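Fold and contact review
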Amino acid sequence: MTTFRRRLAEWRLPFLKQVVLGVPQWFPKATIFDSPRETTMAFPHLQQPSFLLASLKADSINKPFAQRCQDLVKVIEDFPAKELHTIFPWLVESIFGSLDGILIGWNLRCLQGRMNPVEYSIAMEFLDPGGPMMKLVYKLQAEDYKFDFPVSYLPGPVKASIQERVLPDSPLYHNKVQFPPTGGLGLNLALNPFEYYIFFFALSLITQKPLPVSLHVRTSDCAYFILVDRYLSWFLPTEGSVPPPLSSSPGGTSPSPAPRTPAMPFAFYGLHHTSLLKRHISHQTSVNADPASHEIWRSETLLQVFVEMWLHHYSLEMYQKMQSPHAKLEVLHYRLSVSSALHSPAQPSLQALHAYQESFTPTEEHVLVVRLLLKHLHAFANSLKPEQTSPSTHSHATSPLEEFKRAAVPRFVQQKLYLFLQHCFGHWPLDASFRAVLEMWLSYLQPWRYAPEKQAQSSDSQPRCVSEKWAHFVQENLLMYTKLFVGFLNRALRTDLVSPKNALMVFRVAKVFAQPNLAEMIQKGEQLFLEPELVIPHRQHRLFTAPTVTGSFLSPWPPAVTDASFKVKSHVYSLEGQDCKYTPMFGPEVRTLVLRLAQLITQAKQTAKSISDQCVESPAGHSFLSWLGFSPTDPNGLYPANDLDEMGQDSIRKTDEYLEKALEYLRQIFRIINGLRRFEIEYQGDSELQPIRSYEIPSLVRALFRLSSTINRRFADQMVALCSRDDFLGSFCRYHLTEPVLANRHLLSPVGRRQVANHARGPRLSLRFLGSYRTLLSLLLFFFVASLFCIGPLPCTLLLVLGYLLYAMAMTLLTERGKLHQL
């Protein structure tokens, strides 16, 4: 706090006591007291909080940012919770923006230290987990205040569930739903101050409008991203315990935390069922939590809010897929049995689910923040002491924080992250921005990267071997590895692998899955899932549920291998339903996809190599014509160009390197045979529309294309008439104005065989050959040699035209004779 005040004092802005006390400026000075409590006692008829809120709202318009924060610090310190609770909702909204996205608040997503160092420093210290804002939260928390949060701004699945009068499965919403009064509009959640603050903080990432493309903001440098990191480090510590709440007054006692409602012992953290049958809202109960859990109630709330707000977004199809037919029947019977007892009948399920079908497309910023959450959760879970990681060592003496570390990922994150990733894999555009989703996925797949005991890199630069201790994580997250890998294959088969950014994504995935021992772990997990269920007969009557974190309900079954099989089956069925059809990653179907990808990689390597060779052949001509004023780039040109022409030699070399390594990694993972068939690349489309080659001048080619297109449109009928003649003139025109018709042929491609259709094109003039470096260099060389023999430009041009006419007449006669022989 001392540092915060010192930095604010540098601005030397006077603190206006009468404004903070809420006293209008027209009041006489004799009425200005030194204490807000004295003011209240002297004027009992005045509603002090309303004056305080009004003056703070006026200050937000009239005062600079630094002084407003200084005033807020003084208000938080001097005023009691009874008067502060009326300004709390307004203050939270003024910081994080409105839930409808109209007000942007402090715009933390764009605030950066290098651009606005003073404002950035003040905002970060004010919102720090140990700063004044959190002190206000704890001050209100001690008085047990509640604040209404509209259900309409919750994620779609949660909103639809609550509107159906069915409680979501997350304990975050239990005992919080408030029915509207008679004639009231909408449902609300009654949240304590800490929950209200974190709800707004998390949702500001979703509800605020995406950043403009023209605004180049690095997400990791923004105040919001860094605040997320600070909150995670504070409330989910990898070392030590969670710091206690700040004291509400100097020397005073810390406010007692609010209990979790309802209580949920950590032993049951893993018991989320495949059925979506939930308790009805009218059956909410109030249960006091275990006092020992008070230690981490803020940590649990923070994680649940982040997961619910950031990951609980998916489509109607995914929502329905999570329910097995048996569960759907249970839900239907339950709704029918309770609907008559409700004040208002439950909304039909399908109608409610359709009601929340909003176009949710996560942004790149959203994905980067989720990745930060996943990386920290891995570090948080891996900070368990070695003697506490084994389920057999679990005892009642284990602290709630240690239990929470063990339960955080499987209980709160796994299911919603899987659906979130599936949504991204299926709906994200096929461009390089998918890299953010890819890295988020790969970060979750590699918890060993965030373990404290990192192995040293081997001297021969070989990737580290994945320790066998991670086998249980791989098996209990099998779909994250296998099904999402298949989803990536389907995306990769539809992308241009010659692009360095796309090639890099394929390389990254192949490299991660090629880590020694990882493929074997995945294959072992698939074997456990495909193991027949007849091994233990007395298990057959039980529904598969997600495995408990502590392993307590699995301990009565002695065979270890079968227990592992049950865990894998429980994981798959809890995410995909018991009627799912699993496609093995190492089965024949996926192997076929991998072979197709390998063939595409081989073809892309050949394309990159041919482009690289062409770039090497013509550097001299390129520089010479650039010196003459022929620019090789034309960003505003209308002629279709290939992006590879502007990549440069280094980018082409990187593409070849990425693809070569990716192919090698795929061979290691799937043990595919070497010597994949190589496909000859041949352009068989319209020669005028083929990509601009590296030996052509892009601007000149585009200009010649526009010129020839204009001529062809204006004289189309005349050219058709000339080419239709049966005499020598007709043959001469056909030789120049028509291109040879491609014979029907079969083209081998990674996708299969397809027959190229034969498209007849009318006669047209093509001037593209004049845009070639080689053609222009040949003409310049011819004029230079002619000048040595004292031949001027005009006679030289006539000689060229005459020579070409003789050549064209000879070629016309030869072509006609060839056609006669074919007949």
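In the block above lies the structure referred to throughout.
Because the structure is a prediction, the values reported are computed rather than measured. (Residues numbered from 1 in each chain as written. Predicted model: local features only at pLDDT ≥ 70, side-chain atom pairs only at ≥ 80, totals over all residues. Heavy atoms only, no water.)

Counting its regular elements, the protein chain contains 33 helices and five strands. When each of the 823 residues of the protein chain is scored for burial, the buried share is 47%. In the protein chain, once contacts between residues fewer than 6 apart in sequence are set aside, the share between residues at least 24 apart is 80%. Accessible surface computed for the protein chain: about 41100 Å², of which carbon and sulfur atoms make up 58%. (Helix = DSSP H or I, 4+ residues; strand = E, 2+ residues; numbered from the N terminus. Buried < 20%, exposed > 50% of the residue type's maximum accessible area, 1.4 Å probe, protein only. Contact = heavy atoms within 4.5 Å. Areas by Shrake-Rupley, 256 points an atom, 1.4 Å probe, with all protein chains shown as cover.)

This part takes up helix α11 (residues 193-207). The end-to-end C-alpha distance of α11, which contains 15 residues, comes to 20 Å, matching closely the 21 Å that a straight helix rising 1.5 Å per residue would cover. The opening residue of α11, the one whose side-chain oxygen lies 3.1 Å from the backbone nitrogen of F194, is N192. (Expected span 1.5 Å × (residues − 1). Polar contact = N/O pair within 3.5 Å; in protein donor to acceptor, adjacent residues only side chain to side chain.)

Let us now look at the nonpolar core. Residues Y197, W310 and W441 are the most contacted members of the largest nonpolar core, which totals 174 residues. The contacts of W310, once residues within four sequence positions are left out, are A202, L205, I206, Y224, V228, H366, V369, V370, L373 and F420. Membership of the second largest hydrophobic core comes to six residues, among which are I697, L700, L767 and Y773. (Core = buried A, V, L, I, M, F, W, Y, C linked by side-chain atoms within 4.5 Å.)

Moving on, we come to helix α10 (residues 156-163). Counting buried residues along α10, seven of its eight residues qualify, which places the element largely inside the surrounding structure. Every buried residue of α10 is listed here: G156, P157, V158, K159, A160, S161 and I162. Phi for R165, located one or two positions after α10, is positive at around 65 degrees.

Below, the discussion takes up the sheet that holds strand β3 (residues 188-191). Reading across from one edge, β1-β3-β2 is the order of the three strands in this open sheet, with antiparallel pairing throughout. The strands lining the two open edges of the sheet, one partner per strand, are β1 (147-150) and β2 (177-178). Of the strand pairs in this sheet, β1 and β3 are connected by four bridges, and their pairing is antiparallel. Considered in β3, the bridge of D148 is made with A190. (Pairing = 2+ DSSP bridges.)

Mapping W310 onto the fold places it in helix α13 (residues 297-311). For the pair W310 and H366, spaced 56 residues apart in sequence, the C-alpha separation works out to 7.7 Å. In this structure the side chain of W310 is engaged in a polar contact, spanning 2.9 Å, whose partner is the backbone oxygen of A202.

In this structure the tally under the stated criterion is 38 aromatic pairs. Ring geometry for F194 against F235: centres 5.5 Å apart, planes inclined by 70 degrees, an arrangement best described as edge-to-face. Here F194 is found in helix α11, whereas its partner F235 is found in helix α12 (residues 223-235), with 41 residues between them in sequence. Of the residues examined, F235 reaches a relative accessible area of 0% and is grouped as buried. Here F380 and F404 contribute two aromatic rings whose centre-to-centre distance is 5.8 Å and whose plane-to-plane angle is 65 degrees, an arrangement assigned as edge-to-face. Of this pair, F380 sits in helix α17 (residues 364-382) while F404 is found in helix α19 (residues 400-427), placing the two residues 24 residues apart along the sequence. Like F380, the residue F404 is buried in the burial classification. (Phe/Tyr/Trp six-rings, centres within 6.5 Å; stacked < 30°, edge-to-face > 60°.)

Where helix α7 (residues 88-96) meets helix α9 (residues 132-141), the axes come as close as 12 Å, and the angle between the chain directions of the two elements is 150 degrees. Taken as axis vectors, α7 and α9 run roughly antiparallel relative to one another. For α7 against α9, the interelement crossing comes out left-handed. Across the interface between the two elements, F88, L91, V92 and I95 of α7 pack against M133, L136, V137 and L140 of α9. (Axes fitted to C-alpha atoms, helices over the stretch in contact; angles between N-to-C directions. Parallel < 35°, antiparallel > 145°, perpendicular 65-115°, else oblique. Left-handed = near helix turned anticlockwise from the far one by under 90°.)

All right, on to the pairing of β3 then. Of the pairings in the sheet, the one linking β2 to β3 comprises two bridges and is antiparallel in character. Along β3, the bridge assignment pairs Q178 with N188.

Together, L781, F782, F784, V785, L788, F789, I791 and L799 make up a nonpolar patch on the protein surface, roughly 790 Å² of accessible area in all. No other element matches helix α32 (residues 773-788), which puts five residues into the nonpolar patch. Locating I791 in the fold gives a position in the loop between α32 and α33 (793-822). For I791, a relative accessible area of 32% puts it in the partly exposed group. (Patch = residues over 30% accessible without salt bridge, like charges linked within 9 Å, V, L, I, M, F, W, Y side chains within 5 Å. Salt bridge = Lys/Arg side-chain N within 4 Å of Asp/Glu carboxyl O.)

Despite not being glycine, N107 shows a phi value in the positive range, around 55 degrees. Looking at the element boundaries, N107 is found in the loop between α7 and α8 (117-127). The exposure class of N107 is partly exposed, given its relative accessible area of 28%. Its identity as a non-glycine residue notwithstanding, D144 has a phi of 60 degrees, on the positive side. If you trace the backbone, D144 turns up in the loop between α9 and β1. A relative accessible area of 53% means that D144 is categorised as exposed.

So, on to the side chain of Q475. Relative to the helices and strands, Q475 is located in helix α21 (residues 471-476). You can call Q475 buried: its relative accessible area is 14%. Not counting residues within four places of it along the chain, the set of residues in contact with Q475 comprises K524, G525, L528, A564, V568 and H571.

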